[in-house]
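Structural description and commentary
Read off the chains here:
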Amino acid sequence: MKEIQKISQLTPAQEDQLTDYRKKWRKLTFSTDASAEAAIQVSVGKAYSYLNLPTPEIFVVESLFDIPDSFWVSSHWQNPGNAVFLHDKLLQPLIATVSSQVAGQLWGKLWNIAPPLDYSFITPLYQRGWSRDDCEKMQIDAFFKSLYGLRHCGRIDFCQGALGCTLDVDAWEALYGLVQLGCWLFPYEHLCLAVQKRLIRSISGPFGAENKALVDSLTQPSSQVLASLQLAALEAVEGHPKRAYERWLDTISIAQDQLSETTRDRVFLTIVQQAKPITTYTDKDEYPFRDACSPFASEIWDRCQQIVQLIETPELQIQAQSMLPAT
């Protein structure tokens, strides 16, 4: 049998198309638009249908901070069934089919069509109302958590659209339909949680502006504040405590201006929680928390004391006090 000749190089016209595909996938990756619930229902149903599964109960929330209390006690969450592996069932077969038609060197060249991201750190640092069991059970699909999921999709899209590679059209339409939603998905047999806004881990690199746009696009003020706190903690983890502190202070101002009553109490408690981990990181070029006498550490302590005074619930005051940095 004659060996199929693999595509090994691009024509000038195909080279020109690379720019368009990169713009397309950057826009898809950093979408700040919330997909309509009806569109999510259709796309999720189509993917499940391709996998020969009945359409699950679909819960749609704007962000991980907006999951209602009723979700955690729902019968569907108590018995979600087995996880549905979109990465294994949809993406991997498409990769195998398309890569068999493209020479290895060219397949590698197409790797950078979609931007590299890290979604591995996807849950809020202080999950409001999440039990330990919920945290362990809440498993995002590997496709959305992977460093490479969207990057594979970008080059599959180019190979099919620009190079004319053949593939399982139904599988690609099912997967691409999910990508277009701009959501994170937590798919199980009986339920699928769709999160419309997906924060990314990159906070100080080339995607910092996009990350800020994603936070600003959240419509719930409390979600904006909690998402900003998550990014502040990431700044600290990545070795930039001064930037973390500045973001933390900005977030406090937003919370004071926009939130009230119970919502404010909950958010202020989270703000205080963030103070302690932020003071534990140092950077070789920034020394705000080198010792207990650091001006920055002292300023955080003073700020936390002010916040505690703003928390009206006595129980929250006790919790907040216990989380403050030691003097």
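Quick summary incoming for the structure in this document. Since we're looking at a predicted model, the values are computed, not measured.

Now for the overall build of the chain. Counting its secondary structure elements, the chain contains 16 helices and three strands. Out of the 327 residues in the chain, the part that is buried amounts to 50%. Carbon and sulfur atoms form 50% of the exposed surface of the chain, whose accessible area is close to 15,800 Å².

Time to look at the side chain of K197. Residue placement: K197 occurs in the loop between β3 (191–195) and α11 (208–216). We note that K197 is buried and unpaired, the nearest opposite charge coming from E62 at a distance of 5.3 Å. Separated by 3.3 Å, the side chains of K197 and S217 make a polar contact. Those residues within four positions of K197 in sequence are excluded, and the remaining contacts are T32, D33, A34, E62, W184, S217 and L218.

Below, the discussion takes up the nonpolar core. By size, the foremost hydrophobic cluster in this structure holds 46 residues, and its most contacted members are W25, L110, I156, F158, L163 and W172. The element contributing the most residues to this core is helix α10 (residues 169–180), with seven residues. When neighbours within four sequence positions are excluded, L163 is seen to be in contact with I7, L10, Q14, V102, L106, L110 and F158. Judged by nonpolar contacts, the second largest core, of 34 residues, contains L214, L218, A275 and A320.

As a further point, take the packing of aromatic side chains. Under the defined criterion, the tally for this structure stands at nine aromatic pairs. Note on F59 and F71: the rings are 5.0 Å apart at their centroids and 85 degrees apart in plane angle, and the pair reads as edge-to-face. Separated by 12 residues along the polypeptide, F59 in strand β1 (residues 57–61) and F71 in helix α3 (residues 69–73) bring together distant segments of the chain.

What follows covers the sheet that holds β3. Taken in spatial order, the three strands line up as β1-β3-β2 in an open sheet, and their pairing is mixed. Each edge of the open sheet carries a strand with a single partner, namely β1 and β2 (184–187). Averaged over all neighbouring strand pairs, the angle between strand axes comes to 15 degrees, with direction disregarded. Here four bridges tie β2 to β3, and the two strands are oriented antiparallel to one another. When the sheet's bridge partners are listed, L185 is paired in β3 with A194.

Another aspect to go through is the packing of helix α1 (residues 12–29) against helix α9 (residues 149–161). Their axes nearest at 10 Å, the elements α1 and α9 cross at an angle of 140 degrees. Taken together, α1 and α9 sit at an angle that is classed as oblique. Classified by chirality, the crossing of α9 by α1 is right-handed. In this structure, α1 contributes Q14, Q17, L18, Y21, K24, W25 and T29 to the contact, and α9 contributes L150, C153, G154, D157, F158 and G161. Residues belonging to the contact of α1 with α9 are distributed by class as follows: six nonpolar, five polar and two charged.

We now examine the packing of α9 against α10. In a packed pair of helices, the relevant descriptors are the angle between the two axes and the axis-to-axis distance. Across the interface, α9 lies against α10 with an axial gap of 12 Å and an inter-helix angle of 125 degrees. By the angle between their directions, the pair α9 and α10 is classed as oblique. Classified by chirality, the crossing of α10 by α9 is left-handed. The segment α9 lies against α10, with L150, C153, I156, D157 and Q160 engaging W172, L175 and V179. A per-class count over the contact of α9 with α10 returns six nonpolar, one polar and one charged.

Here the focus is helix α14 (residues 261–278). Along its 18 residues, α14 runs 26 Å from first to last C-alpha, staying within 8% of the 26 Å computed at 1.5 Å per residue. Of the residues making up α14, those classed as buried are R264, D265, V267, F268, L269, T270, I271, V272, Q273, Q274, A275 and I278.

The rules behind each value
Residues numbered from 1 in each chain as written. Predicted model: local features only at pLDDT ≥ 70, side-chain atom pairs only at ≥ 80, totals over all residues. Heavy atoms only, no water. Helix = DSSP H or I, 4+ residues; strand = E, 2+ residues; numbered from the N terminus. Buried < 20%, exposed > 50% of the residue type's maximum accessible area, 1.4 Å probe, protein only. Areas by Shrake-Rupley, 256 points an atom, 1.4 Å probe, with all protein chains shown as cover. Lys, Arg positive; Asp, Glu negative; His and termini not counted. Salt bridge = Lys/Arg side-chain N within 4 Å of Asp/Glu carboxyl O. Polar contact = N/O pair within 3.5 Å; in protein donor to acceptor, adjacent residues only side chain to side chain. Contact = heavy atoms within 4.5 Å. Core = buried A, V, L, I, M, F, W, Y, C linked by side-chain atoms within 4.5 Å. Phe/Tyr/Trp six-rings, centres within 6.5 Å; stacked < 30°, edge-to-face > 60°. Pairing = 2+ DSSP bridges. Axes fitted to C-alpha atoms, helices over the stretch in contact; angles between N-to-C directions. Parallel < 35°, antiparallel > 145°, perpendicular 65-115°, else oblique. Left-handed = near helix turned anticlockwise from the far one by under 90°. Nonpolar A, V, L, I, M, F, W, Y, C, P; charged D, E, K, R; others polar. Expected span 1.5 Å × (residues − 1).

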